[in-house]
Amino acid sequence: MFWVLLLLMAWAGVLVSCALLLRAAALASVPAPAPPDGGAGTGRHPDELNLYEAAYLAGGPRRVAELTLLSMARGRRLLLAHTGWATVVDPVGRDPHERSVLGACGPQGRAPVAVVRSAAARDAAVRALADRLDAAGLALPPAARSSVAGGVRAVRRAAAAVAALAAAALCVPADGTAGTVILCWFALPLVLALGCLAIARFETYPYSAWASPAGQRLLAALDRERGEGDSLTAVALRGVRVLTDPALRAALA
């Protein structure tokens, strides 16, 4: 029965990929060591997170750049046009993130929002912010982020391979085995793969790409306390999709 060999291949792919994802998730959930100064970085109160830190933990460098742009726009220090251009109004930055935005606008004081956002997200100020959160045990190190993402991709590929192998099994002689029976056997590894993906989605939503478990708890507490409406806190936690101003949404789209 050649279809049994295909079934074994499907099981092997699913088990290996699920094991990779579980290993990556287990490594990402290991608490970070205490900072060298003896401080308890993971014992911080949600109110001790500034908005830049919350934005990074919730959405990474891009979210930090978007928060900076929106903060400057609401402070009337930057004009964000619905056409997708940013124009400097006040050329004095109040912090390194704002200065990175002003620098990205260039000597003319005007540049496309996409260009400014990309430059601000790659600025040294964001890298320093990431290093600080990583040292405090609130952000996932780059290696942990890539391993979890790689595990998810592996499980997705394994699920697709199961479907392909099931289709191939139906196309070969089955020695009298009904096609329904073959599909039921292939459904088992497919259910395992899809269930693993569902659990990963549930466990990691919505902060896992950047925040460690300790960082996720701080973000969840901050969301409960101050995450309503389209305030800057809501933007830091959920992104520009919470904005109700259509002009700002168009500018940052």
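Structure: above.
What you see is a predicted model; the values in this text were computed from it and never measured.

A few points about the pattern of salt bridges
With the rule as written, the count across this model stands at 5 salt bridges. Of the charged contacts, one joins Arg77 and Glu98 as a salt bridge, the two residues approaching to 2.4 Å between their closest N and O atoms. Remark: Glu98 occurs in helix H3 (residues 96-105) and Arg77 occurs in the loop between helix H2 (51-74) and strand E1 (78-80); sequence separation between them is 21 residues. We classify Arg77 as buried; its relative accessible area is 6%. Residue class for Glu98 comes out buried when judged on its relative accessible area of 2%. For Arg238, the salt bridge is made with Asp223, and the minimal N-O distance between the two is 2.6 Å.

Let's talk about the packing of H2 against helix H5 (residues 124-135)
Between H2 and H5, whose axes approach to 11 Å, the crossing angle comes to 135°. Here H2 is positioned oblique relative to H5, judged by the angle of their axes. As H2 packs across H5, the resulting crossing turns out to be left-handed. Residues Tyr52, Glu53, Tyr56, Leu57, Pro61 and Val64 of H2 pack against Val126, Leu129, Ala130, Arg132 and Leu133 of H5. Residues belonging to the contact of H2 with H5 are distributed by class as follows: 9 nonpolar, no polar and 2 charged.

Description of the packing of aromatic side chains
Within the structure shown, the criterion is met by 1 aromatic pair. The ring centre of Trp85 lies 4.3 Å from the NZ or CZ of Arg110, which sits over that ring.

Focus: the nonpolar core
In summary, soluble globular proteins display a tendency toward joint burial of nonpolar side chains. Core analysis: the largest hydrophobic core is formed by 24 residues, its most contacted members being Leu69, Leu78, Leu80, Val101, Leu243 and Leu252. Of all the secondary structure elements, the ones that give two or more residues to this core are H2, E1, H3, helix H4 (113-121), helix H9 (232-238) and helix H10 (246-252). In this structure, Leu252 is in contact with Glu66, Leu69, Leu80, Val113, Arg117, Val240 and Leu243, ignoring residues within four places of it in sequence. In terms of nonpolar packing, the next biggest core, distinct from the first, is built from 23 residues, Tyr52, Val126, Ala214 and Leu219 among them.

Digging into a nonpolar patch on the surface
A surface patch of nonpolar side chains, amounting to about 320 Å² of accessible area, comprises Phe2, Leu5 and Leu8. Residue position: Phe2 is located in helix H1 (residues 2-28).

Thoughts on the packing of H3 against H4
Running from amino to carboxyl end, H3 crosses H4 at an angle of 135°, the nearest separation of the two axes being 9 Å. As far as their axial angle goes, H4 and H3 are oblique. The two elements H3 and H4 cross, and the hand of that crossing is right-handed. Only Val116, Ala119 and Ala120 of H4 make contact with H3, whose side of the interface consists of Ser100, Val101, Ala104 and Cys105.

What about a positive patch on the surface?
Residues Arg153, Arg156, Arg157 and Arg201 make up a contiguous surface patch of positive charge. With 3 residues, helix H6 (residues 142-171) is the single largest residue contributor to the positive patch. Relative to the assigned elements, Arg201 resides in helix H7 (residues 179-204). Arg201 sits in the exposed class, given a relative accessible area of 56%.

Conventions and cut-offs
- Residues numbered from 1 in each chain as written.
- Predicted model: local features only at pLDDT ≥ 70, side-chain atom pairs only at ≥ 80, totals over all residues.
- Heavy atoms only, no water.
- Salt bridge = Lys/Arg side-chain N within 4 Å of Asp/Glu carboxyl O.
- Helix = DSSP H or I, 4+ residues; strand = E, 2+ residues; numbered from the N terminus.
- Buried < 20%, exposed > 50% of the residue type's maximum accessible area, 1.4 Å probe, protein only.
- Axes fitted to C-alpha atoms, helices over the stretch in contact; angles between N-to-C directions.
- Parallel < 35°, antiparallel > 145°, perpendicular 65-115°, else oblique.
- Left-handed = near helix turned anticlockwise from the far one by under 90°.
- Contact = heavy atoms within 4.5 Å.
- Nonpolar A, V, L, I, M, F, W, Y, C, P; charged D, E, K, R; others polar.
- Phe/Tyr/Trp six-rings, centres within 6.5 Å; stacked < 30°, edge-to-face > 60°.
- Lys NZ or Arg CZ within 6 Å of the ring centre and 35° of its normal.
- Core = buried A, V, L, I, M, F, W, Y, C linked by side-chain atoms within 4.5 Å.
- Patch = residues over 30% accessible without salt bridge, like charges linked within 9 Å, V, L, I, M, F, W, Y side chains within 5 Å.
- Areas by Shrake-Rupley, 256 points an atom, 1.4 Å probe, with all protein chains shown as cover.
- Lys, Arg positive; Asp, Glu negative; His and termini not counted.
- Charge placed at Lys NZ, Arg CZ, Asp CG, Glu CD.

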